[in-house]
Each structure stands twice: as C-alpha cells, then as structure tokens.
Amino acid sequence: MNKTEVSRSWAGAARLSPVVTLASLSLVALVAATACSGAAGAGAGKNAGGVTRRDTAIKHEECDTAGATEKIDANNDGRPDIFIERKGSVETCRAIDLNFDGVIDAFSYNDSAGRLRRREYDYDKDGQIDEIATYQAGVLTEKDQATSMARKLDTWDFYKAGALARTERDSNGDGVIDQWWEYTQPGCPMIHSDVNNDGKPDPGATVDYCKETGYVPPERQAPAAAQSPDFNKATSTPTEVDSKPADEAKPTDPKPAAKEPTK
Ligand SMILES: [Ca+2]
Ligand SMILES: [Ca+2]
Ligand SMILES: [Ca+2]
Ligand SMILES: [Ca+2]
C-alpha cells in the first residue's frame, strides 16, 4: 500500500517548494535511463531530444470469451462469469466478470509456457480497462495506468526484480511525460518535474518526497506483485476480489495531480 499512500499526497508533494536535490547531470542520466528502460513495455515511449512521448491509448488485447475453452458460472445465476482459453494444456488467457454484471472486469494472459505475461483490469467497473500490467517470465516489469479516469494512460510504473523502481507521468494528458518519480528508497520517491513545459525535468524542480513531507514509509516496499489485484485468488472465486477493499481503494482515489496539473 506504500505506493497508494504516497499517491494520495501527490498534489501536495507537487505544490511543495522545489528543492535542488540532484545535480543537472543526474537529470540527464535520468532521461537517458528513461529512454532505454521504457522501450520494452506495453506503453513504449519515444524519446527525442530528451523529451519522452508515450502512447496514451488503452489497448485491450483480445481474449475470446465466446469461443472460450471453459466457461464457469461462479455465482450460479445461469450466466458464465469466468472464461478460460487454452491451447493444449496451457491456459492462454482468462476473462473474469468480478461483479457479475455481465461485463468483463479483469483479463490475464499467459505466455506459451503458461507464465503470466499481461493483465488488464477495470477498477471502476465501467467497462473500460484502467490498468495494463506487463510481466516477463511471470515477473511484473511495467504497469500502465489511467489514474484520472479520463480513459487515457497517464502513469507508467517500471519495476526492477518485481519492485517499483520509477514512475513516469503525463499530468496534463498531452502525451508528453512531465513528471518522473524515482524510488531510490522504497516509499520515498524523488519527484522531478518539468515546470517550463519543454518536456524535460528542470534542475531545481525536484521534490524529495519523504524529506519534504516528513512522510515515513512503512517498512520496505513489498514486492510489486503483491500490490496488484490478486488475480490468482480472483480466478477461483470472483467474490474474493470484490471483498478486498484495498484493491478497490486505488481507482476511487486517483492521483490528484491528474485533476490539478502542476504547471
Ligand atoms: Ca463486471
Ligand atoms: Ca474503468
Ligand atoms: Ca504532459
Ligand atoms: Ca523542463
């Protein structure tokens, strides 16, 4: 929950007086790292002249419910709620209607070895996907989110060894990244911002979140996979996910910066 707790104070952090916490060299290195490590995920970015553009479109990957190998009616209302597609013995994708309203809210996709490679999740159950997570060999590497509920991606989380390492954010919806969150210490992001609207982080516009707010993170951040909706539990009985308030808290509490662009 560290990330969520931090997110709740996003706008507050952005309004803090900027402090110079990193040298300009570090900012250059940050942008360079962004260009490289952001290339593999679902929301691959284009980096030109230090400016990162990302595709904000939410792209659903097909999972055939009509032709599913197996259909399960979890609540015995005569209508299937879980759809499983298999190739041979390997499950390729699964679609779940978590709240039994007839609209799928969660999808999971596996690679040819049956390891998780992608998840899609509709947090507010409006029929639109709000989060796309990418996995490599079953380990979370990237999470793209529409936190403003504007049906556009605005937040890209990148993970190292399953732990959140950095976040990019497009706070004003123009497809150009304008906030960079670095998690050098779990729960204590360094927040770099583009304040002069040139698409690059500006020296002097960095906020050391914990230092500025006095926020003390709970012990070290749990592996990122543990923070995601628990699909493994969800796939057996959808009601288990519906009863988990922690998962539901995230979408109803979008990062405030989305509503209040800081520039
Ligand atoms: Ca549903
Ligand atoms: Ca949604
Ligand atoms: Ca932007
Ligand atoms: Ca700038």
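Note that the structure is predicted; figures quoted are calculated from it, not measured.

What counts as what
Residues numbered from 1 in each chain as written. Chains lettered and ligands numbered in written order. Predicted model: local features only at pLDDT ≥ 70, side-chain atom pairs only at ≥ 80, totals over all residues. Heavy atoms only, no water. Donors = N, O, S within 2.8 Å, 3.2 Å for Na, K, Ca; no water. Tetrahedral: all angles 85-135°; square planar, octahedral: opposite > 155°, others 65-115°. Buried < 20%, exposed > 50% of the residue type's maximum accessible area, 1.4 Å probe, protein only. Pairing = 2+ DSSP bridges. Helix = DSSP H or I, 4+ residues; strand = E, 2+ residues; numbered from the N terminus. Axes fitted to C-alpha atoms, helices over the stretch in contact; angles between N-to-C directions. Polar contact = N/O pair within 3.5 Å; in protein donor to acceptor, adjacent residues only side chain to side chain. Phe/Tyr/Trp six-rings, centres within 6.5 Å; stacked < 30°, edge-to-face > 60°. Lys NZ or Arg CZ within 6 Å of the ring centre and 35° of its normal. Disulfide = S-S within 2.5 Å.

Caption draft 1: Structural detail: the coordination of the calcium ion (ligand 1). Donor atoms from the polypeptide that coordinate the calcium ion (ligand 1) comprise Asp-97 (OD), Asn-99 (OD1), Asp-101 (OD), Val-103 (O), Asp-105 (OD) and Asp-105 (OD), at 2.2 to 2.6 Å from the metal. One can describe the site at the calcium ion (ligand 1) as irregular: its six donor atoms subtend angles covering 51 to 169° at the metal. Here the donor residues of the calcium ion (ligand 1) are spaced in sequence according to D-x1-N-x1-D-x1-V-x1-D. Residue Asp-101 is classed as partly exposed on the basis of its relative accessible area of 37%.

Caption draft 2: Structural detail: the coordination of the calcium ion (ligand 4). Protein coordination at the calcium ion (ligand 4): the donors are Asp-194 (OD), Asn-196 (OD1), Asp-198 (OD), Lys-200 (O), Asp-202 (OD) and Asp-202 (OD), at 2.1 to 2.6 Å from the metal. Its six donor atoms give the calcium ion (ligand 4) angles of 53 to 173° at the centre, a pattern that matches the irregular case. When the donors of the calcium ion (ligand 4) are listed by position in the chain, the intervening gaps give D-x1-N-x1-D-x1-K-x1-D. Looking at Asp-194, the relative accessible area reads 3%, which means it is buried. Note on Asn-196: relative accessible area 45%, which makes it partly exposed.

Caption draft 3: Inspection of the sheet that holds strand 7 (residues 116–121) at higher detail. Strand order in the open sheet formed by twelve strands is 3-4-5-6-7-8-9-10-11-12-13-14, with antiparallel pairing between adjacent strands. The outermost strands of the open sheet, each flanked by one partner alone, are strand 3 (70–72) and strand 14 (206–208). Geometrically, the sheet is characterised by an average inter-axis angle of 15° between neighbouring strands, direction not taken into account.

Caption draft 4: Just the environment of Ala-74, in detail. Structurally, the position occupied by Ala-74 is in the loop between strand 3 and strand 4 (82–87). C-alpha separation for the pair Ala-74 and Ile-96, spaced 22 residues apart in sequence, amounts to 9.9 Å.

Caption draft 5: Seen up close, the pairing of strand 1 (residues 45–48). As paired elements, strand 1 and strand 2 (residues 51–54) share four bridges and run antiparallel to each other. Residue pairing across strands places Ala-48 opposite Val-51, the latter belonging to strand 2. Counting the residues between successive antiparallel strands, the hairpin from strand 1 to strand 2 contains two residues, one of them, Gly-49, with a positive phi of roughly 60°.

Caption draft 6: Looking closely at the environment of Asp-174. By secondary structure assignment, the location of Asp-174 is in the loop between strand 11 (163–169) and strand 12 (179–185). Residue classification places Asp-174 among the partly exposed positions, given a relative accessible area of 39%. Once the C-alpha coordinates of Asp-174 and Arg-54 are considered, the two residues, 120 residues apart in sequence, prove to be 9.3 Å apart. From its side chain, Asp-174 meets the backbone nitrogen of Val-176 in a polar contact 2.9 Å long.

Caption draft 7: Spatial organisation of the packing of aromatic side chains. Inspection of the entire model under this criterion finds four aromatic pairs. Relative to Tyr-215, the ring of Tyr-209 has its centre 5.6 Å away and its plane inclined at 75°; by these criteria the two rings are edge-to-face. What makes Tyr-215 buried here is its relative accessible area of 18%. Above the plane of the ring of Tyr-109 lies Arg-118, whose end atom (NZ or CZ) is 5.8 Å from the centre.

Caption draft 8: Spatial organisation of the state of the cysteines. Applying the stated criterion across every chain yields a total of two disulfides. Between the sulfur atoms of Cys-63 and its disulfide mate Cys-93 the distance is 2.1 Å. Between Cys-63 and Cys-93, the disulfide has an S-S torsion of 90° and is therefore right-handed. Here Cys-93 lies in strand 5 (residues 90–96) and Cys-63 lies in the loop between strand 2 and strand 3, a separation of 30 residues in the sequence.

Caption draft 9: Representation of unusual backbone geometry. You will see that Ala-137, though not glycine, has its phi angle at about 55°, which is positive. Tracing the backbone through its elements, the reader meets Ala-137 in the loop between strand 8 (131–136) and strand 9 (139–145).

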